[in-house]
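One letter stands for each residue in the lines below.
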Amino acid sequence: MLPFLRLRASDAVELMDDPGCDPEVLSRTYDYFQYVNAAVSGWRGVYRREIRPLLSTSRESTLLDIGSGGGDVARALARWAARDGLLLTVTAIDPDARAHRFATARPPLPRLTFRQALSSDLADEGARFDVVVSNHVLHHLTGAQLGGLLADCQRLAAPGGRVLLGDIERSTFAYVGFGLGTWPLFRDSYIRADGLTSIRRSFTAPELRAVVPPGWDVVREHPSRLLLRWDGPGAELPPLRGWSATRATEQRPRPARLGAEASDGQRMRDVIVVGGGPVGILLAGLLAVRGLDVEVLERRAEPSRRSRAIGIHPPSMRALEELGLADAVVERAVRIRGGEVRCDGRALGRLTFREAAGQHPFVVSLPQYETEALLRARFDELSPGRYRSGVTVTDVRDRGDRVELEVEEAGTATVLEARYVVAADGARSVIRALAGIRGIERGGGDTYLMSDYPAGEQAAEQAVLYFERGGVVESFPLPGGRRRWVAMTSSLQPDASSHDLAAIVESRTGVVLPSSGASVSAFSVQQRLAERLVSGRIVLVGDAAHQISPIGGQGMNLGWLDGLLLAPALALAIREPGTAASVLSDYDRRRRRSARMAARQAGFNMMMGRPATGLRLRLRNGLVRTLAVPPASAVLASAFTMRWL
């Protein structure tokens, strides 16, 4: 039976913490940590996102691992940095003599040192480190001990340093998943028993946020992981959670520009982003806050006023936080806190995003043109005059050390140069075609109608999916008392009116929509994935990299997640050219993998929404009912809020 997980079991004791525990079993436990942590701790991703951008091929950096246990995390970090050609010295400390003996008995690694010590010992010595980390330490601590550790970490972090404390998050999903995953394994160790106890002792994200001092940021990672982060004074990426755009501008100095002179005497940009839609302009902002000299070229002379993408998923809020826009977006938006699936007038199941979405337990609904306007205004604060509209790219040439772009603006042809060019110019990307990158079809073909109507009496914070016999109908709230309605159709209907769509909705669901003068969009789903996302100094993001069905609201968000990974990668590639091949290859691999996952999920969404009768209808409805019940509902909520992409 499952233990009571609603409250933290802070008095539970792990077997390996007993000084009298079996030393052979303890040694095997330390040995197995390398496999368990590789599977569940998420440090490889933290290294890529948070640590690697701070390191250098020419300047020595230092890292401290507090509570290093068997030393597997410290060893992994040292190996990854060495593999990337980065100069990193790692110090790993643990006060337990048994852990210290095990760690030092293993083969030594260059630039890795183990000490038997407390964090306060090093802080009293005046030691300082560029990065301070810990893995699975927080759940061992009482409130007073936690406060002491955080104070030590702030003393130990050098100016501009970063503290990253990772731990598991207490949840039924974590407990059941770990229990099932380790059931046939590690029986000659304390791994399974102590792992389950650790989950019972662990914090939830709200609990941890309630006890940490101001300035500490609690971030939910992939399923059931927490990352407690603090950036010291002068750090490159100060935490922006909850800042408004104005406050971010007031408190952060304008970054120094890194651009150089181009071969013709004009200024060569660090990065030129081609495409000024939501993905391109967000990426440009993320590059600008890192001090890069970035310019955006947009073919349209005027911004589009179509609402198009409306959903901003919780992982994408991290990007808005980095730009200081999270509050501004949420204030203008509707918060979708859950959804309901219906068929034949009955509810098949309900889904809440409360447990899956961390600090933002909702999907933000805001028309795309409003989101773009906020992003453009923020980018103009960071890089005045660098957003250029009415510019058409006619050719691109990778010269090895730079990229040349031939452009036309107001009838005049010019050549621009940049260290890197990013194609964010959509599904029909000119840059992708000029670079010779092929798009691979991944299915599609389903057709839909979409328009916005007055909301009527439907719940203001609830999405509704109607899995009806004639095909799916979807309804999502919008700001200003309106709702987005989408209906699958048997064929593409480009001449359909709002009355036609309302008639389809009424015939399938019985819902009578108010009259609307809004335009109707008819679209056919296409799914494509570029064969590669990096070609020399040309990089693809967003729809230029992967075209995903809009059913499920993944397209814009997937592009934003591209930007979250690409921005630090490009910053590192420009500052440390020797790392470029590694970091951009990593971006290519990880984002193509995420795009494939998103395409599979979109395919599942479309399959579930197709017309169904008889046995197929009963089987589909039965599956929906099953997925809406815990623990499957938690997994489904994580999938729909893009927690794994």
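Before reading further, recall that the structure is shown in the block above.
Residues numbered from 1 in each chain as written. Predicted model: local features only at pLDDT ≥ 70, side-chain atom pairs only at ≥ 80, totals over all residues. Heavy atoms only, no water.

### Structural notes on the packing of helix α18 (residues 580–609) against helix α19 (residues 614–627)
Direction vectors running N to C along α18 and α19 enclose 130°, while the axes themselves pass 10 Å from each other. Between α18 and α19, the angle falls in the class oblique. Of the residues in α19, those in contact with Phe604, Met607, Met608 and Gly609 of α18 are Arg616, Arg620, Leu623, Val624 and Leu627. Its residues assigned to classes, the contact of α18 with α19 comprises 6 nonpolar, 1 polar and 2 charged. (Axes fitted to C-alpha atoms, helices over the stretch in contact; angles between N-to-C directions. Helix = DSSP H or I, 4+ residues; strand = E, 2+ residues; numbered from the N terminus. Parallel < 35°, antiparallel > 145°, perpendicular 65-115°, else oblique. Contact = heavy atoms within 4.5 Å. Nonpolar A, V, L, I, M, F, W, Y, C, P; charged D, E, K, R; others polar.)

### Observations regarding the packing of aromatic side chains
On inspection of all chains with the given rule, the structure shows 6 aromatic pairs. Measuring from centroid to centroid gives 5.4 Å for tyrosine 30 and phenylalanine 102, while their planes differ by 40°, and the two rings are tilted. Of this pair, tyrosine 30 sits in helix α1 (residues 23–40) while phenylalanine 102 sits in helix α4 (residues 97–105), and the two are 72 residues apart along the sequence. When its relative accessible area of 6% is taken as the criterion, tyrosine 30 is described as buried. (Phe/Tyr/Trp six-rings, centres within 6.5 Å; stacked < 30°, edge-to-face > 60°. Buried < 20%, exposed > 50% of the residue type's maximum accessible area, 1.4 Å probe, protein only.)

### Describing the side chain of glutamine 527
You can see glutamine 527 is positioned in strand β24 (residues 521–530). Among the polar contacts listed, one links the side chain of glutamine 527 to the backbone oxygen of alanine 599, at a separation of 3.5 Å. (Polar contact = N/O pair within 3.5 Å; in protein donor to acceptor, adjacent residues only side chain to side chain.)

### Some points on the sheet that holds strand β3 (residues 112–115)
Taking strand neighbours across the sheet as the criterion, the 7 strands line up as β3-β2-β1-β4-β5-β7-β6 in an open arrangement whose pairing is mixed. Where the open sheet ends on each side, the last strands, each with one partner, are β3 and β6 (217–220). Taken pair by pair, the neighbouring strands of this sheet meet at an average axis angle of 20°, ignoring direction. Where strand β1 (residues 61–66) lies against strand β2 (residues 88–93), 6 bridges are found, and the strand directions are parallel. Opposite leucine 63, over in β2, you have valine 90 as the bridge partner. (Pairing = 2+ DSSP bridges.)

### Describing the nonpolar core
Among the nonpolar cores identified, the biggest contains 77 residues, and Val271, Val273, Leu287, Leu320, Leu405, Val422 and Leu566 are the most heavily contacted of them. It is helix α17 (residues 555–575) that provides the largest number of residues to this core, a total of 13 residues. Excluding residues within four positions of it along the chain, valine 422 makes contact with Val271, Ile272, Val273, Val274, Leu283, Val539, Val541, Leu566 and Leu570. Residues Ile66, Ala157, Ala205 and Trp230 belong to the second largest nonpolar core, which totals 29 residues. (Core = buried A, V, L, I, M, F, W, Y, C linked by side-chain atoms within 4.5 Å.)

### Thoughts on the pattern of salt bridges
Any two side chains of opposite charge can pair, so long as their charged atoms come close to each other. For the structure shown, the criterion picks out 46 salt bridges. Glutamate 50 is the partner of arginine 229 in a salt bridge, and the nearest nitrogen-oxygen pair spans 2.8 Å. A residue pair is termed long-range when its members are at least 10 positions apart, and arginine 229 in strand β7 (residues 225–231) and glutamate 50 in helix α2 (residues 43–51) qualify at 179 residues. Of the two residues, arginine 229 and glutamate 50, neither departs from the other in class, the shared state being buried. A salt bridge links aspartate 586 to arginine 52; the shortest N-O distance between them is 3.2 Å. Of this pair, aspartate 586 sits in helix α18 while arginine 52 sits in the loop between α2 and β1, placing them 534 residues apart in sequence. Relative accessible area serves as the criterion here: at 7%, aspartate 586 is assigned to the buried category. Here the salt bridges share partners, and the residues they tie into one network are Asp395, Arg397, Arg399, Asp401, Arg402, Glu404, Glu406 and Glu417. (Salt bridge = Lys/Arg side-chain N within 4 Å of Asp/Glu carboxyl O.)

### Structural notes on the sheet that holds strand β11 (residues 311–312)
What holds strands together in a sheet is hydrogen bonding between their backbones, with the strands either parallel or antiparallel. Taken in spatial order, the 3 strands make up an open sheet running β11-β15-β12, and their pairing is antiparallel. Of all the strands in the sheet, just β11 and β12 (334–336) have a single pairing partner and so form its edges.

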